[in-house]
Amino acid sequence: MAERQVLSTKLSILATSVDEFDCLVAETLPDLLDRATDHLRRFLRETGQWADDISHEKLALRWGYELLERFLVWGRNEVPCRPYFLLDSFIARYLSQPEPFCYHKDLLTPLGRFLDGVTARAVLSRDALMALFYHLYGFGQGQVVRILDLGPTESQRVYKNFERWRRAGWQRAMIESGMTDSELLQIEDQKRRHSEQIIAEADRLLRAVQDHYRKSEPDHFRCLTRQQWAHMFQEGYGYDYRVWHLALCRECLVVTYDLRQDGLAGIPAPRIDLQFRPLSKGRIVSFIMKYREDGNGAGRPTQRLSRTSA
Amino acid sequence: MEQDGQLSAYREHLLDALRDLPERRRGESSGSLQVFVNQECVGTVDCEGTSTTLLSVSQQQPVREVEIRTAAGLLVGSLSAQEVGMKVARFSLGTEALEVSVQNRSDGGSVRVTYRAPALLWDRVQNMAMAMVRGFGRRGTRVLPEHVSLTPAPSLLLNHAWPKLAVVAQIVLASAVVLLVVDRLTDRFGTESTVAQVAPNSEPSVIKPTILEEALARQEQRLLKLTQTQEAAVQTLKAQQREIGRLHRAVVERERMRDQLQRLTAAKEALSRDVALLEVRNRELEHGLKEQAVALAKVLLPQPPDKPTAGGGSEATLPPPIQPPQMAEVRRENPFTFWVSFQDGTSEESIEHLIHEIHGRRGPTSAGWYNVEVNLPQPQTQDGFFESLKKTKIVKAIATSLNTTPGQ
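Fair warning: this is a prediction, and the values are worked out from it, not measured in the lab.

Trainee: Can you tell me about the overall build of chain B, naming the residues and giving the values?
Mentor: The secondary structure content of chain B amounts to 8 helices and 12 strands. Taking all 408 residues of chain B together, 29% fall into the buried category. A sequence separation of at least 24 residues applies to 58% of the contacts in chain B between residues at least 6 apart. Carbon and sulfur atoms make up 57% of the accessible area of chain B, which totals about 27100 Å².

Trainee: So, the interface of chain A and chain B: which residues are in play, and what are the values?
Mentor: Tallying the contact residues gives 42 residues for chain A and 39 residues for chain B. Between chain A and chain B, the buried area comes to about 3700 Å², and carbon and sulfur atoms account for 54% of it. Area buried by chain A at its contact with chain B is led by A:Ile54, A:Val73 and A:Leu124, which between them contribute 15% of it. Our count for the chain A to chain B interface comes out at 3 salt bridges. Close ionic contact of B:Glu67 with A:Arg70 constitutes a salt bridge, the shortest N to O distance being 2.8 Å. Joining chain A to chain B, the criterion identifies 15 residue pairs in polar contact (both at pLDDT 80 or more). Within the residue set of the side of chain A that touches chain B, elements represented by two or more residues are helix H3 (29-46), helix H4 (54-74), helix H5 (83-95), helix H6 (110-124), helix H7 (126-137) and helix H10 (162-176) of chain A. The greatest single-element share of the side of chain A that touches chain B, amounting to 12 residues, is contributed by H4(A). Across the side of chain A that touches chain B, the residue classes break down as 16 nonpolar, 7 polar and 19 charged.

Trainee: Outline the packing of H4(A) against helix H1 (residues 2-27) of chain B, supporting the account with residue identities and numerical values.
Mentor: Running from N to C, H4(A) and H1(B) point in directions that differ by 15°, and their axes come no closer than 11 Å. When the interaxial angle is binned, H4(A) and H1(B) end up roughly parallel. In the crossing of H4(A) with H1(B), the sense of the turn from one axis to the other is right-handed. Of H1(B), the residues touching H4(A) (which contributes A:Ile54, A:Glu57, A:Lys58, A:Leu61, A:Arg62, A:Tyr65, A:Leu68, A:Glu69, A:Leu72 and A:Val73) are B:Gln3, B:Gln6, B:Leu7, B:Tyr10, B:Arg11, B:Leu14, B:Ala17, B:Leu18, B:Leu21 and B:Arg25.

Trainee: Which residues make up the side chain of B:Gln34, and what values do they have?
Mentor: Structurally, B:Gln34 is set in strand S1 (residues 32-37). A polar atom in the side chain of B:Gln34 sits 3.0 Å from the backbone oxygen of B:Thr70.

How each quantity is defined
Residues numbered from 1 in each chain as written. Chains lettered and ligands numbered in written order. Predicted model: local features only at pLDDT ≥ 70, side-chain atom pairs only at ≥ 80, totals over all residues. Heavy atoms only, no water. Helix = DSSP H or I, 4+ residues; strand = E, 2+ residues; numbered from the N terminus. Buried < 20%, exposed > 50% of the residue type's maximum accessible area, 1.4 Å probe, protein only. Contact = heavy atoms within 4.5 Å. Areas by Shrake-Rupley, 256 points an atom, 1.4 Å probe, with all protein chains shown as cover. Buried area = accessible area lost by both parts, 1.4 Å probe. Salt bridge = Lys/Arg side-chain N within 4 Å of Asp/Glu carboxyl O. Polar contact = N/O pair within 3.5 Å; in protein donor to acceptor, adjacent residues only side chain to side chain. Nonpolar A, V, L, I, M, F, W, Y, C, P; charged D, E, K, R; others polar. Axes fitted to C-alpha atoms, helices over the stretch in contact; angles between N-to-C directions. Parallel < 35°, antiparallel > 145°, perpendicular 65-115°, else oblique. Left-handed = near helix turned anticlockwise from the far one by under 90°.

Structural measurements only, silent on function.
As structure tokens, this is what we get:
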């Protein structure tokens, strides 16, 4: 009875100004997160995508968090309002869209969550978008610049704040996707022991993940034919197109690499080469040394890895 | 159990991340902001310059929501749009501001994101002055449609702003006076109460003057400050009055120029009318001239020989003279007689000149009326001839017969 009264009181709280809204949501943040998570849990159950395990609980928490983050900014424009009711309507409206989230049962594993986490972040963050080339294929800044045929201006623009990803962005993406240190160690260990197996698994999952998140691109950034890619590179336009699309589409990346492989001496063809952690400053040197020591390293130019490269 | 702990830790991490959001927004430089429409990145807005930048996107689908994120993906602004209509929101990023407006129509939607760089100190002062002149008219954050002008006529501004400025000045002066009075009364009562409290303790005769002196000194200082503040306010008001006077003079000057312009326009129109009349007159004169040429041709036309001249073999063999078209028309002339009177004081010479011009033949004169016979070419009517003749200055009246009333 007392709980019901408390709930009723909470629901009826009215925010009449932006300051009141900020104050209220700051005070009731755990309640709002739980409420959002409950909505997601119910949605997953009703759509037959639920199982009583920690992976699904984490998934509901993560999506609840993402929606609440949006709500905290969006709700400020909706005052006066009752934040609890407003959150309910906000989530209901979001879930009524077609395929609101990328749900795939295999994405609930540590590897799946890693791929889902970095790709989901890449849709929102340019730093994460550029980092995908490293985390998925092991390409450094110099290699990406050559593969995408970026000029100095474009290169500087997309890599300008890349240090931010290494410093905080990656960490935040891992926390938000629910990755723990032990899980990271676990998949790194798997990669060492069963490299082929994990590459095949990542290849399979990556298709599902990239197919889903590529929908977040503008309509005019869809897959191109081989001829269209060739024309774009020959004529030197569509730099944003290349960055946006090729980071999120492995098939097109392979096509463009094939087209331009004569000018990409020393850069291996794009293949899954998962890097679970960002390239730390100390590891840049070893990264360069590794490529120099490789058998085919003679023909491979030293990468122009800047201080801010991943 | 371990799983519960893991889940609980994850929840705490997420809550911490949510709590850190305001701090992250304050700490992160805006740089280049990404604009997401319906969760699709449609472009970026450069926020590093000192000028205003704009991103405008139109699409065939209605806009459901707009999100603004930094390059690192941090959400700094979000807006949901109505199905049809316009919605505007402003997001502040430290000293900078971002304005998002969404316009949804039945056939699609459009988004406009405007980044406004922080204003310089001088710009702010100017804006404040403009706001005062505009009668504090522009309030709130709503963006007006493009067709709505934000710069009304100066005279209108002055008319609206002057009474408000006067009211503000009166309020400021009244507040200053009230504050002064209240301050003095408060000090007086405060001093008296302080003295009353202190007095019973010890040495009233020594402490009382000291306290009074201190209170008086404080009061003087406050009075001095208030006077300075008031002087500053008065100076500001005078400056504003001077500025308004200047604006008023400019407005008067502008109105004077507008009047001159209107007068010039009216004169131009009158001149145009005169020119049109002159053109009509010119055409009539040309027509009259043509008629006179015809009459002249008739006069000059050689009489046809009644009988061939004797011994004029060479002349008899001459071909007949070629008759120009005018000559042919002369043969269709219509001779008639009319009476004409002239203005008083018209000289005989002028009368003769006119009769000569119209190729008339003068007849008898009766009581100031001159009988004239003319040959009218066939196309011209008698009335037309009279009308053109009446326009001559010296002609007073014309009549076909002296028994009828002469037409004016």
